[in-house]
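# Structure at a glance
Here are the chains, one letter per residue:
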Amino acid sequence: ALAYAKLATLPLEYGLYTSFTGVLVYCLFATAKDVTIGPTAVMSQLVGQVLATYSKGYDPVTFAIAIAFLNGIFEIAIGLLRLGIVVDFIPAPVIAGFTTGAGVQIIIGQIPGLLGISGVNTNESTYKVLASSLSKLGNTRLDAAFGFTALFLLITWKSVTQHLSKRGYTNMRYISVLRNAVCVVVFTAISFAVNNGQKTPKVKIAGDVPRGFNHIRAPDFGLLSAAAPAAVTVTIVGILEHVAITKSFGRLNGYRPDANQELVGLGVTNILGSFMGGFSATGSFSRSAIKSQSGVKTPLAGLVTGLVVLLAVYVLTPLFFYIPNAVLSAIIMSAISDLISRPKLLKQLWDIQFIDLFSFILALVFTFFFSIEIAIYVSVGFAVLVLLYRLARPNFSVLGRTPQGTWVSVNDSRMGSTAVEPPEGILVFRPEESLTYPNANYLSEKVKEVVMSRTEYGGHSGKASDRLWCDTTAARISRARNKSLASGSPDTKPLPPLRALILDFSAVNGLDSTGVQTLVDLRRDMDAYAGRRVDLHFAHVAPRLERILAYFLRLTRQIGDVAPVVPPEEEIRVEVPPSSSSSAGPSSGARRGSTASRPPAEGEKDKDLEMNVTQRPPSTTSTLASDGSGCGDGCGVDVLKFIHPSVDTAVACVVERLEGKVWTV
């Protein structure tokens, strides 16, 4: 606590105040038995940075308390609104990157204290602190002897006890946790021997730490507006650190913490702590590890820790006077080393996917060259952009059937070479994501591209002067077919006419109004491209999506749109010749109202195209069975005749509907 208060550029007693309220209040709300709340290295470093940035003209202690109060308000609000799920949007590589960067930043920031060098602004960017420290190595004092000796003792003690613990000496883990206390006691005694009776101490020491809670302050509510920008960043870091720690110890010890209740407990701790003079606190990895290794069974273990801190506040504070600052720096550097990711992690991220490694490096680099605050915003923003890109540009497969009866991507490296495509003119697609507004247009364009490269154009083929000036159908067809030829060997067989599309919705979990409108537009465009009615079937549809697709199928039996920009007229009566598109828009490659140059093939007529269609609101009791087409057994029921339990069933239904025969594999 004393060391972290020093890291936050606050008087040492405020570290004790923060520790006391953290362990005492959090245990009443905790769902993680091992986690301890208090000042941490990353949080303290961040508080020191935001104080240097935002508290100009204000008392740093009062400003830090105001940040803690707002921090608690934000955390309680997020917890009560059950928004703890937002933490799941931050990937583990980003968290590892910024904690590693913060660890490096803290270690470099402690170099001046370790060496007794003055005049280095440790709140600057890490590379500037390093350069300034190296330039002032000539000013090294006797503190370096204390600092390096203490650091060597701490690292050696930790390494030896961990090694012995792995060899079977389990009691070594309890001896390991005593290293900081023993180090402070030993070097404080040496410091007392060196500095006692000296007017000017030979090494920098902690100085007077007031006894009790004489210096506690309540939040200054007049500072809340000025502290709000800093509190946002501190809240983000606090939540990330706390939730990551609770989940880690939950996995380690076999329990599942409640993220929302944890945030409420953390918020209450920070609010009450601000009235006790505490600055922002969050879950501590090192102290939580000690509790976990000690075998605690409930969060009430925090009460014992609170009593020890209370004893220190009232009884031990006079003994803190001669603690060398260099030893506090050594303790921080030793403790923070656990936050730095090992090189093995980089290899793992590279093996999994490069984007995870890049996220890690991005957070690390921005922490090193700028600050924790900027690194958080940049790395979290990058993670959100990656998530949105993956949602907007999902994978998309054209399917074929293997001899084993499985429908796989024709580009599958293992089974794609054995896959047989469905009968001519029938194409099967599988979107690998929900069909919603970010990706609906992209998936539709992918379907059109494949259709243009694999089937014959049967739409309008009149004079060039009859086409709209913006009609680029011919150019799009040419590009799609050239792209197809470039990706494989040329096929000299004539292309078949487009007869039906089948969409495998096995990976689709959501379908919104934009997705429905995209399906409506796709149906119209495919009708115009083929010059005939093109069946659109669905397979492996989740039950909750059947109602939406039934609405779509009813809508395409009418001339309607979903949330049209231009309101439709009350009555629209459309005469659709058997050989024309039902509604070919300018972008579909056929002029609105045009007719195709050839009649449909035998068996391809749809009774909907032979009758006048009057637009009216869709009825929930309407049925698709009234179209009079045969569909065989297993092809769906009632309004769901175009929704099938499997791709095989969908293909069989299409073949029977169009050709009047049974499809055999």
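With that out of the way, let us pick up the overall build of the protein chain. A count of helices and strands for the protein chain gives 23 helices and 10 strands. Expressed as a percentage of its 665 residues, the buried residues of the protein chain come to 51%. Within the protein chain, residue pairs in contact and separated by at least 24 positions form 79% of the contacts whose partners lie at least 6 positions apart.

I67, F98, F279 and I372 are the most contacted members of the largest nonpolar core, which has 67 residues in total. Residues in contact with I372, not counting those within four places in the same chain, are V42, Q45, L46, Q49, F98, A102, Q105, V237 and T367. Of all hydrophobic cores here, the second largest spans 39 residues; its members include F429, L498, L522 and I643.

The pairing of strands in a sheet comes from backbone hydrogen bonds and takes either a parallel or an antiparallel form. Ordered by their spatial adjacency, six strands build an open sheet running β4-β3-β5-β6-β7-β10, and the pairing between neighbours is mixed. Two strands bound the open sheet, and with one partner strand each, they are β4 (407-409) and β10 (643-644). In this structure, strand β3 (residues 396-401) lies alongside β4, joined through three bridges in antiparallel fashion. Paired with R401 across the two strands is W407, which belongs to β4. Seen against the sheet, helix α23 (residues 647-659) touches β3, β4, β5 (426-431), β6 (500-504), β7 (535-539) and β10 and runs at an angle of roughly 155 degrees to β7.

This paragraph deals with the side chain of K33. Positionally, K33 belongs in the loop between α2 (13-26) and β1 (36-38). With relative accessibility at 19%, the residue K33 sits in the buried group. Engagement of the side chain of K33 in a polar contact is seen with the side chain of D34, the distance being 2.8 Å. Polar side-chain contacts of K33 include one of 3.0 Å to the backbone oxygen of V296. Filtering out sequence-adjacent residues up to four positions away, K33 remains in contact with N253, Y255, K291, V296, K297, T298 and P299.

What follows is about the pattern of salt bridges. Evaluated as defined, the whole model comprises 11 salt bridges. With a closest N to O distance of 2.8 Å, R401 and D648 form a salt bridge. With R401 in strand β3 and D648 in helix α23, this residue pair connects regions lying 247 residues apart in the sequence. Residue R401 is classed as buried on the basis of its relative accessible area of 15%. Between E445 and K448 there is a salt bridge; the shortest N-O distance is 3.5 Å. Pair noted here: E445 and K448 are both in helix α19 (residues 440-454), with a separation of three residues, about one helical turn.

Before going further, it helps to examine empty space enclosed by the protein. Applying the stated criterion across every chain, the model contains 10 cavities of 30 Å³ or more. Space inside the largest cavity adds up to approximately 140 Å³. Among the elements of the structure, α3 (41-54), α11 (224-253), α13 (285-294) and α15 (325-336) are those that each provide at least two residues to the lining of the largest cavity. When the residues that make up the lining of the largest cavity are grouped by side-chain class, the tally is eight nonpolar, three polar and two charged. Computed from the structure, the second largest cavity encloses a volume of approximately 110 Å³. In terms of lining residues, the second largest cavity is bounded by F396, P431, L435, A440, L443, S444, V447, L503, F505, T518, L519 and L522. Secondary-structure elements contributing two or more residues to the lining of the second largest cavity are α19 and α21 (513-530).

Rules used throughout
- Residues numbered from 1 in each chain as written.
- Predicted model: local features only at pLDDT ≥ 70, side-chain atom pairs only at ≥ 80, totals over all residues.
- Heavy atoms only, no water.
- Helix = DSSP H or I, 4+ residues; strand = E, 2+ residues; numbered from the N terminus.
- Buried < 20%, exposed > 50% of the residue type's maximum accessible area, 1.4 Å probe, protein only.
- Contact = heavy atoms within 4.5 Å.
- Core = buried A, V, L, I, M, F, W, Y, C linked by side-chain atoms within 4.5 Å.
- Pairing = 2+ DSSP bridges.
- Axes fitted to C-alpha atoms, helices over the stretch in contact; angles between N-to-C directions.
- Polar contact = N/O pair within 3.5 Å; in protein donor to acceptor, adjacent residues only side chain to side chain.
- Salt bridge = Lys/Arg side-chain N within 4 Å of Asp/Glu carboxyl O.
- 1 Å grid on protein atoms, 1.4 Å probe; cavity = no way out; pocket = protein on both sides within 12 Å on 5 of 7 lines; lining within 4 Å.
- Points joined across faces, edges and corners; volume = space filled by probe spheres on them.
- Nonpolar A, V, L, I, M, F, W, Y, C, P; charged D, E, K, R; others polar.

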